[in-house]
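Each chain, letter by letter, is given below.
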Amino acid sequence: MIELDSVIKTYTLGQQRIKAVDNVSLTIQPGEFVAIMGKSGCGKTTLLGLIGGLDRPDSGTISVNGKEISQLADTELTRYRRDQVGIIFQFFNLIPILTVAENVALPYSLQGKSEKEIQARVQELLSDVDLMERQKHYPHEISGGEMQRVAIARALINQPQLVLADEPTGNLDSRTGHQVMETMARLSDRHHTTFILATHSSEAATYATRKLHMRDGTLSPTKEAEERT
Amino acid sequence: MMIRLWRWFCLRHLISYKGRAFLCLLGVALGVAVFVGIKTAASSALTSFQDTVTSLAGSTQLQVTGQGNGFPEDLYETVASAEGIRAATPVMEFNVLATAPLDEPLLMLGIDVFSDQDFRQYHFVDSPQGSGAILSFLTEPGAVALTEKFAQRHGLKVNDQLEILSGSKRLTFTLRALLKLKGPAGALEGNVALVDIAVAQEAFDRIGRLHRIDLLLEKEAHIKPVIAHLQKLLPADVRVESPQKRLGRIREMVDAYRLNLLALSLIALFVGIFLVFNAVAFAVSKRRYEIAMLRVLGTQRWQILGLFLGEALVVGLLGALLGVGLGLVMAKLALKAMSQTISELYLLVRAESLSLSPLIILLGAGTALGVALLGGLAPSLEASRTLPSEALYRGSLERRLHMNLGKISLVGVFVLGLGYLCSRQPPVKELPIFGFLAAFLILAGFSFLAPASVPRPFSQPFVGSHRLSDDGVGNVNQHLHTDP
């Protein structure tokens, strides 16, 4: 379970202080597929970064399965990112000098797995995302949709409890975006992983089981969700 | 795991940027090469000089030496009859050149064969006792004995003529005997010629002069009082010392020479550090995105540090291999120059072979690794400090440098000032320690000023570049720039 309590994150730009996340409290149950919707710059990515342990809040607490990650030492936080979190970015963020298979293998390799274990797991995941024939290609040799599927496989290789997807369809055409979302939903279902999706696309958000709206750093249920309640 | 990561992230980059890696490796190698080369050459020259002095000295306990043209022959009687002296023999030494087509330096020794027998043993070819040969070249003016090695190399046989050049004077001798490569004849790889002292004095226009008197002491005599006593009997410009002391003087001279060159090698090593720093800093800056992704995916700081230090270490290892190899080539070349300097100032030295010291080679290799690690340390630490949230865009290092540019430049000016002050200081025990320090500080000072001379736009962070927009976390910053 993920619990955020009164989380605030502020950035200073010159003389200006901007609250990217403003007093956010949120609880996400294991296995939930949550969509955080909002315009660019509303603070969605900052919030994902905080939950994913990429950054620390100025105040408030973030707990994952009862452990307060905002208080972890850097070594522990790094281990948390490695073992418990998978991240999918809008622009895929694959390592250009690594092949598709190596990109997928990287987080697993960081866990100190053997070559044999890595190979087996990579093959399994590449098969899941239908990229077996592309495994020796480099990122610049494959399409955007394929790159995002590689990123999904990379995010899932360590069997994380939590996958954070930041605008995963933002850089894809609608058909490919739809395919990617299908893949994510299918894998989320199969692996019982908690998915938090940051998107401004209402189409992508339809795959979520819960939708939240973010504006100027604050979080609220979407109108649709409010109407339902 | 680290090996796999290193192979993926460092080896591939080293291969991709071969030119830069090679330049960096060359910087380290050159520093090490100068270091190994000078040390090896100096040590080889000294060993050769030591062998020469020891071979020529034989059992000599003390030597009376003069300066330049030597000293009057009359002093021989004074010295030989002095208290505590058991035996004395006069010696003349000339550095000459066997003329073309031989074209080789020779140390021509003028000895008194009778008194010399207590000091040195000469072994003649085809004459087990040697007396016949000795007598023959004693009785004939212009007679010379050469080593068998030298004679064979130039196809010279007994009774052949040998023409030599001493200064501008040409002299012709007749080869009357061949010496085995033993005792004093083994000095200088066999480039020794033996003549009667009277023949030498006449041929070289030094009648009534001596270059040296070798001495043996009475059994009960102590060296120091004898030296003091002799020194009182002799003019001030005539020196009495043991062959070892004489060797020590040469060692000091070579040490000073070596120190100068070692200072140069340290400067070369400093340039190596700078090149490694530059290469690793470039790699860190260029791979900012990858490092950030590694951090995002769970790579620990120490692992990032290890990756980049490992890269520097590989450059150091290859630099060490290349540097030691180059150093030995350099030593061979420097050996000739060093031998020439010693020959011109003291005694003909003909060092042909390098005396390889494992310690020097290990020291050179260790220096290469040290240089590489030192150069790579700062940028590697910088890489390890990369935060996953802030570093998904490039240029962080340059930005930090720009932020500290004023301070760095001030340090540069301060270091240059220190360099100037050091350059004004006198030598310490005749060694230009402050001079070397000044050279180093001036180099360091200009290095600190270098970042300020780089055009600013060149090293601006890539804010707004495609790479920044390539990442999700970076979006936060991008969005915040645009949001009110």
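To keep things clear, this report deals only with the structure shown in the data block. All values reported here derive from a predicted model rather than from experimental measurement.

## Digging into the packing of aromatic side chains
Alright, step 1. On inspection of all chains with the given rule, the structure shows two aromatic pairs over all chains.
Alright, step 2. Ring plane angle 25° and centroid distance 5.2 Å describe the contact between A:F33 and A:F195, whose orientation is recorded as stacked. Placement of the pair is A:F33 in strand 3 (residues 33-37) and A:F195 in strand 8 (residues 194-199), with a sequence separation of 162 residues. For the pair A:F33 and A:F195, one class covers both residues: buried.
Alright, step 3. Judged by centre distance (3.9 Å) and plane angle (10°), the ring pair of B:F94 and B:F204 falls under stacked. With B:F94 in strand 3 (residues 85-98) and B:F204 in the loop between helix 7 (197-203) and strand 9 (209-210), the pair connects residues that are 110 residues apart, well separated along the chain. Residue B:F94 shares its accessibility class with B:F204, and that shared class is buried.
Alright, step 4. A cation sits over an aromatic face here: A:K9 above A:Y11, 5.7 Å from the ring centre.

## Here we look at the side chain of B:R120
All names here are of chain B.
Alright, step 1. Here R120 lies in the loop between helix 4 (113-116) and helix 5 (131-139).
Alright, step 2. Polar side-chain contacts of R120 include one of 3.5 Å to the backbone oxygen of A57.
Alright, step 3. Excluding residues that lie within four positions of it along the chain, R120 makes contacts with L56, A57, G58, T60, T89, V91, P184, R212 and D214.

## Here we look at the packing of helix 3 (residues 100-110) of chain A against helix 5 (residues 144-156) of chain A
All names here are of chain A.
Alright, step 1. Close contact between helix 3 and helix 5 brings their axes to 7 Å; oriented N to C, the two are set at 25°. The orientation of helix 3 with respect to helix 5, classified from their angle, is roughly parallel. Viewed along their axes, helix 3 and helix 5 form a crossing whose handedness is right-handed. Contact with helix 3, carried on its side by V100, N103, V104 and P107, involves V150, A153 and R154 of helix 5 and no other residues of that element.
Alright, step 2. Each residue belonging to the contact of helix 3 with helix 5 can be placed in one class, and the counts come to five nonpolar, one polar and one charged.

## Observations concerning helix 6 (residues 174-191) of chain A
Residues and elements named next belong to chain A.
Alright, step 1. When the terminal C-alpha atoms of helix 6 are compared, their 25 Å separation across 18 residues agrees well with the 26 Å that a helix rising 1.5 Å per residue should span.
Alright, step 2. Within helix 6 the residues assigned to the buried category are T176, G177, V180, M181, T183, M184, L187 and S188. Projected down its long axis, helix 6 shows its buried positions confined to an angular sector of 155°, all on one face. Seen from the buried face of helix 6, the exposed residues on the opposite side, beyond 90 degrees, are S174, R175 and D189.
Alright, step 3. Just downstream of helix 6, H192 is the residue with a positive phi angle, here 55°.

## Description of the interface of chain B and chain A
Alright, step 1. Between chain B and chain A, the residue contacts involve 34 residues of the former and 43 residues of the latter.
Alright, step 2. Here chain B packs against chain A, burying approximately 3,400 Å² in sum over the two surfaces, 60% of which is carbon and sulfur.
Alright, step 3. For the salt bridge of B:R12 with A:E102, the shortest nitrogen-to-oxygen distance reads 2.7 Å.
Alright, step 4. Linking chain B to chain A there are twelve residue pairs in polar contact (both at pLDDT 80 or more).
Alright, step 5. Listed by contribution, the elements that provide at least two residues to the side of chain B that touches chain A are helix 1 (2-16), helix 10 (288-296) and helix 17 (472-482) of chain B.
Alright, step 6. Per element, the largest residue contribution to the side of chain B that touches chain A is eight residues, and it comes from helix 17 of chain B.

## Digging into unusual backbone geometry
Residue and element names in this part refer to chain A.
Alright, step 1. The phi angle at Q159 is positive, at roughly 50°, despite the residue not being glycine.
Alright, step 2. Summarising the element assignment, Q159 is placed in the loop between helix 5 and strand 7 (162-166).
Alright, step 3. Judged by its relative accessible area of 54%, Q159 falls in the exposed class.
Alright, step 4. One non-glycine residue, D216, lies in positive phi territory at about 50°.
Alright, step 5. Looking at the secondary structure, you find D216 in the loop between strand 9 (210-215) and strand 10 (218-221).
Alright, step 6. Since its relative accessible area comes to 61%, D216 is described here as exposed.

Rules used in this analysis
Counting of residues starts from 1 at the beginning of each chain's written sequence and follows it residue by residue. To read the labels, note that chains go from A and ligands from 1, taken in the order they are written. The model is predicted, so local features are restricted to residues of pLDDT at least 70 and side-chain atom pairs to those at 80 or more, both for listing and for counting; the totals for chains, interfaces and linings are taken over all residues. Excluded from the side-chain calculation are hydrogens and water; included are all heavy atoms of the structure. For this analysis, a ring pair means two rings from Phe, Tyr or Trp (six-membered ring only for Trp) whose centres lie within 6.5 Å, classed as stacked if their planes differ by under 30 degrees, edge-to-face if by over 60, and tilted for the remaining angles. Runs of E in the DSSP output that reach at least two residues are strands. Runs of H or I that reach at least four are helices, and both are numbered from the N terminus. Per-residue accessibility, obtained with a 1.4 Å probe over protein chains only, is compared with the maximum for each type, and a residue is labelled buried under 20%, exposed over 50%, and partly exposed between these values. Here, a charge over a ring is recorded when the distance from Lys NZ or Arg CZ to the ring centre is within 6 Å and its angle to the ring normal is within 35 degrees. Under this definition, polar contacts are N or O atom pairs within 3.5 Å; protein pairs additionally need one hydrogen-donor-capable and one acceptor-capable atom, and for neighbouring residues in sequence, both atoms have to be side-chain atoms. By the convention used here, residues are in contact when the closest approach between their heavy atoms is within 4.5 Å. To define axes, lines are fitted to C-alpha atoms, for helices over the stretch in contact only, and angles between the resulting N-to-C directions are given on a 0 to 180 degree scale. Here the word oblique covers every angle except those under 35 degrees (roughly parallel), over 145 (roughly antiparallel) and from 65 to 115 (roughly perpendicular). Handedness of each helix crossing follows the sense of rotation of the near helix against the far helix: counterclockwise by less than a right angle gives left-handed, clockwise gives right-handed. For this classification, Asp, Glu, Lys and Arg are treated as charged, while Ala, Val, Leu, Ile, Met, Phe, Trp, Tyr, Cys and Pro are nonpolar and the rest, including Gly, are polar. To estimate how far a helix should reach, multiply one less than its number of residues by 1.5 Å. As used here, the arc belongs to the directions running from the helix axis to the C-beta atoms. Note on terms: buried area is the combined drop in 1.4 Å-probe accessible area of two parts once they are placed together, counting the loss on both. Each reported salt bridge corresponds to a side-chain nitrogen of Lys or Arg within 4 Å of a carboxyl oxygen of Asp or Glu.

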